[in-house]
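The lines below spell out each chain.
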Amino acid sequence: MIQLIDIEKVYRTKTIETVALHRVNLHVERGEFVSIMGPSGCGKSTLLNIMGLLDEPTSGHVAIDGQPVKTHSDSKLAKLRNEKIGFVFQSYHLIYDLSVVDNVELPLLYRNVSGSDRRKRALEALEKVGLSARTKHFPNQLSGGQRQRVAIARALAGNPEIILADEPTGNLDSVMGEEIMDILLRLNQEEGTTIVMVTHDENMALKTNRLIRFFDGQQVADSRVLEAQI
Amino acid sequence: MIRHLFKLIWNQKKSNFLLITEIFFSFLVLFAVLSFGIYNYHNYTKPLGFTYDNVWQLWLNPQTDSTAHNLAVQRELIQRVKSFPEVEHASLSNSNTPFAFSQMNNNLSYGGKKDIQANVFNVQADYQKVLGLEVSQGRWFGPQDKASLHKPIVINQKLKEELFGDEEAIGKLLPINDSSQYAVIGVIDHYRSYSEFDPEEAAYFECINLDEEKSYFWNGLVMKVKPGAGVAFEEKMVRELSRIAKDWTIEVTTLEKMRQSKAKMTTVPMVALGLVCGFLVFNVALGLFGVLWYNINRRYAEIGLRRAIGASSKQIRNQFVGEVLVIATFGLLLGLLLAVQFPLLQVFQLSSAIYWESIAAAAFLIFLLATICAIYPSYQASKIYPAVALHEE
Ligand SMILES: Nc1ncnc2c1ncn2[C@@H]1O[C@H](COP(=O)(O)OP(=O)(O)O)[C@@H](O)[C@H]1O
Ligand SMILES: [Mg+2]
């Protein structure tokens, strides 16, 4: 589904050069729930951004469904992000001037979808995350767990094939974190959505089908590879 | 998308309040200044009804009060002026010659129409030739008027319409006082002599009769000179005339000079207003630009998010330009509420077309200004790297 080949990412500022990713090769298969763990600053977010076509690698290739994206125009990349990928962030990134349902509709705004259809799909997505009773609220009237559920509903509204979640439970207490994790697991198991999740929580990572560990910009362990070796 | 932008701006109306107010006031100021400008321009493009090239003007100021003596001198002066080969035509007049700072009014009544106010111009028959007036109905003054029972007048079309509507004007009699009457002998299409920027008013001409016993002193004298008559002739003429009218002051000017100084009465305030307005609008533009810039920095994460969920950089740019136009629309709508009262309630008696034109032009300028101010910040917003904007520590 998403293939990373020999990815190298170097951030250059005037004074320093940071190698955020070094020789990363990774193939995320359709239907997988992959968790990524590693210490802070080891390049997890950078990896997710590159997978999500938000950032370009310094060298190496990204392919979606076998198609390399290197030569894609800005608007073609935007279209791929819009139709294939859903993002969930640690700090939710909701628009605080828009109501819950308007936030959830956002991805559909960048497609040719009628207003009533948008509303219908947004409400369906909110139902999946158990927020049907909060559609007219504004984000600042919700708890952290609820906000993250809105963000997941927003990712779902676009009906993506893959969800990229960067520490989705990082700002939440364990109870709310569990709720979010349950929603993601259900999506993966019942709807077959591919998920790549960055987490610091070992217990959550163990619930997924594949655990990749990073250290200093490099993959140091991949549970699927380990299993194959055993 | 447009609905989305309206919703976004509406929900942010508190933070956009200042901008909306600025747009509102700019629109009103532009509307006022444009109304003034367009009104003047409309007037300027209307026909004057006379030509002023090669027309000179003398101001006659006798020093003594002896009317009989002054009248005799005056009769001699006009004869002498006409005898110069450089002078084609000349006529005595009251002081309300074209572009002069002087007006004379009289009220006329006809049938049910009571006290119609009109400018009255006392002139000699040659006045027509001096200013190239064209009579469209009836005739101008002539020798046959000497025998007429009533006082002949020539009126402009505007006065004709006010007094008689669609009726024939020639031959109509208008009371002057209990014993005498005016007789309309001719109509001219236009006579708009006070200022190029003023609308035409009702006007009529009365013929000066120097043979009348109780004649009046006329201190204006206009003449059409041959092309090329210049300073040398002017000096010669003044010298000769001073010999006839000893110790009178005689000033010479041209209608062209008078036109220019009259025009300044309108153009100077207009330019001043335009400058003030331009300065104001420039300030609003700077403010608009600054607020946009600030907004875009504040909404860094939002821009990153929108890019992540599928907005192309072009769509980001369009969104921000669109938002500014929506803000401008809100300000405009408020301004319109006020501005439309002017044509609807007929404030200031300007024709409503002028108000509508000003409203359209002011709205256009506001949108143009908003777009210009929005383009650069929006372009910057579209260039933000989504990964950087979404970066969280
Ligand atoms: N935009 C950037 N410019 C410069 N350095 C960056 C930028 N983004 C990330 N980095 C650096 O790259 C490394 C990896 O960052 P990141 O992918 O955010 O790590 P993680 O998500 O694992 O905490 C860090 O050293 C970080 O400081
Ligand atoms: Mg991170």
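Residues numbered from 1 in each chain as written. Chains lettered and ligands numbered in written order. Predicted model: local features only at pLDDT ≥ 70, side-chain atom pairs only at ≥ 80, totals over all residues. Heavy atoms only, no water.

Visitor: In this structure, what is going on with the overall build of chain A? I would like to understand it.
Guide: Scanning chain A for helices and strands turns up 8 helices and 10 strands. In terms of C-alpha radius of gyration, chain A reaches 18 Å, essentially the compact-globule figure of 17 Å for 230 residues. Relative to its full complement of 230 residues, chain A shows a buried share of 55%. Residue pairs in contact within chain A that sit at least 24 positions apart in sequence constitute 70% of those at least 6 positions apart. Placing the 27 positive and 30 negative side-chain charges of chain A at their respective mean positions leaves the two points 5 Å apart. (Helix = DSSP H or I, 4+ residues; strand = E, 2+ residues; numbered from the N terminus. Rg over C-alpha atoms; globule rule 2.2 N^0.38 Å. Buried < 20%, exposed > 50% of the residue type's maximum accessible area, 1.4 Å probe, protein only. Contact = heavy atoms within 4.5 Å. Lys, Arg positive; Asp, Glu negative; His and termini not counted. Charge placed at Lys NZ, Arg CZ, Asp CG, Glu CD.)

Visitor: Please explain the UniProt feature "domain: ABC3 transporter permease C-terminal" (unreviewed entry) in chain B as it appears in this structure.
Guide: Under the local residue numbering, the UniProt record ascribes the feature "domain: ABC3 transporter permease C-terminal" (unreviewed entry) to residues 278–386 of chain B. The span residues 278–386 of chain B carries 86% helix and 0% strand; its end-to-end C-alpha distance comes to 38 Å. (UniProt positions renumbered as here; feature names shortened; annotations may be inferred.)

Visitor: Any chance you could explain the nonpolar core here in plain terms?
Guide: Across soluble globular proteins, nonpolar side chains show a tendency to be buried alongside one another. Core analysis: the largest hydrophobic core is formed by 49 residues, its most contacted members being Leu4, Ile36, Leu47, Met51 and Val196 of chain A. Ignoring any residue separated from it by four or fewer positions in sequence, one finds Val196 of chain A in contact with Val28, Val34, Ile36, Leu48, Met51, Ile162, Ile163, Leu164 and Ala165 of chain A. If you look at the next biggest cluster of nonpolar residues, it comprises 37 residues, including Ile9, Ile20, Leu332 and Tyr355 of chain B. (Core = buried A, V, L, I, M, F, W, Y, C linked by side-chain atoms within 4.5 Å.)

Visitor: Teacher, can you tell me more about the interface of chain A and chain B here?
Guide: Taken together, the 24 residues of chain A in the interface contact 24 residues of chain B. A per-residue breakdown of the area chain A buries against chain B is headed by His93, Asp97 and Tyr110 of chain A, which together make up 29% of the total. The interface formed by chain A and chain B includes 2 salt bridges. Asp102 of chain A is the partner of Lys7 of chain B in a salt bridge, and the nearest nitrogen-oxygen pair spans 2.8 Å. (Buried area = accessible area lost by both parts, 1.4 Å probe. Salt bridge = Lys/Arg side-chain N within 4 Å of Asp/Glu carboxyl O.)

Visitor: Would you explain helix 4 (residues 115–128) of chain A in this entry?
Guide: Along an α-helix, residues three or four apart share an orientation, since each turn contains 3.6 residues. Residues and elements named next belong to chain A. The terminal C-alpha atoms of helix 4 lie 20 Å apart, and with 14 residues this matches the ideal 20 Å at 1.5 Å per residue to within 8%. Among the residues making up helix 4, those that are buried are Arg118, Ala122, Ala125 and Leu126. One side of helix 4 holds all its buried residues, which, seen down the axis, span an arc of 100°. Of the exposed residues in helix 4, those oriented more than 90 degrees away from the buried face are Ser116 and Glu127. Considering only its buried residues, helix 4 is in contact with helix 3 (100–109) and helix 5 (144–157). Directly beyond the C-terminal end of helix 4, a positive phi value near 70° is found at Gly130. (Expected span 1.5 Å × (residues − 1). Arc of directions from axis to C-beta.)

Visitor: How should I be thinking about unusual backbone geometry in this particular structure?
Guide: Phi is mostly negative for residues that are not glycine, and the peptide bonds are mostly trans. Residue and element names in this part refer to chain B. Look at Phe99: it is not a glycine, yet its phi comes out positive at around 65°. Its place among the elements puts Phe99 in the loop between strand 2 (87–93) and strand 3 (105–110). For Phe99, a relative accessible area of 1% translates into the label buried. Backbone geometry at Asp115 places phi at a positive 50°, although glycine is not the residue there.

Visitor: Looking at this model, I keep getting lost on the packing of helix 1 (residues 2–11) of chain B against helix 9 (residues 313–339) of chain B. Mind explaining?
Guide: Residues and elements named next belong to chain B. The geometry of helix 1 relative to helix 9 is characterised by a closest axis approach of 9 Å and an angle of 65° between their N-to-C directions. Note that helix 1 runs across helix 9; the crossing there is right-handed. Side by side, helix 1 and helix 9 meet where Leu5, Phe6, Leu8, Ile9 and Trp10 of the first sit next to Gln319, Gly322, Glu323, Val326, Ile327 and Phe330 of the second. (Axes fitted to C-alpha atoms, helices over the stretch in contact; angles between N-to-C directions. Left-handed = near helix turned anticlockwise from the far one by under 90°.)

Visitor: What should I look at first to understand the site of ligand 1 in this one?
Guide: Around ligand 1, the surrounding shell consists of Tyr11, Thr18, Ala20, Pro39, Ser40, Gly41, Cys42, Gly43, Lys44, Ser45 and Thr46 of chain A together with His391 of chain B. Residues lining ligand 1 come from chains A and B. Gly41 of chain A is positioned with one of its backbone polar atoms (N or O) 2.7 Å from an oxygen atom of ligand 1. Between ligand 1 and the protein, one listed contact pairs an oxygen atom with a backbone N or O atom of Gly43 of chain A at 3.1 Å. (Near = heavy atom within 4 Å. Polar contact = N/O pair within 3.5 Å; in protein donor to acceptor, adjacent residues only side chain to side chain.)

Visitor: Looking at this model, I keep getting lost on the pairing of strand 6 (residues 85–89) of chain A. Mind explaining?
Guide: The side chains of a regular strand alternate, first on one face of the sheet and then on the other. Counting buried residues along strand 6 of chain A, 5 of its 5 residues qualify, which places the element largely inside the surrounding structure. Every second residue of strand 6 of chain A is oriented toward a common face, with Ile85, Phe87 and Phe89 of chain A on one face and Gly86 and Val88 of chain A on the other, all of them buried.

Visitor: Looking at this structure, how should I read the sheet that holds strand 1 (residues 2–12) of chain A?
Guide: Backbone hydrogen bonds hold the strands of a sheet together, and the pairing may be parallel or antiparallel. Residue and element names in this part refer to chain A. The strand order 2-1-4-5 describes an open sheet built from 4 strands, whose pairing is antiparallel. Of all the strands in the sheet, just strand 2 (17–28) and strand 5 (67–68) have a single pairing partner and so form its edges. As judged from the 8 bridges shared by strand 1 and strand 2, these two strands associate in the antiparallel manner. Each residue of the ladder has a partner; that of Lys9, found in strand 2, is Leu21. (Pairing = 2+ DSSP bridges.)

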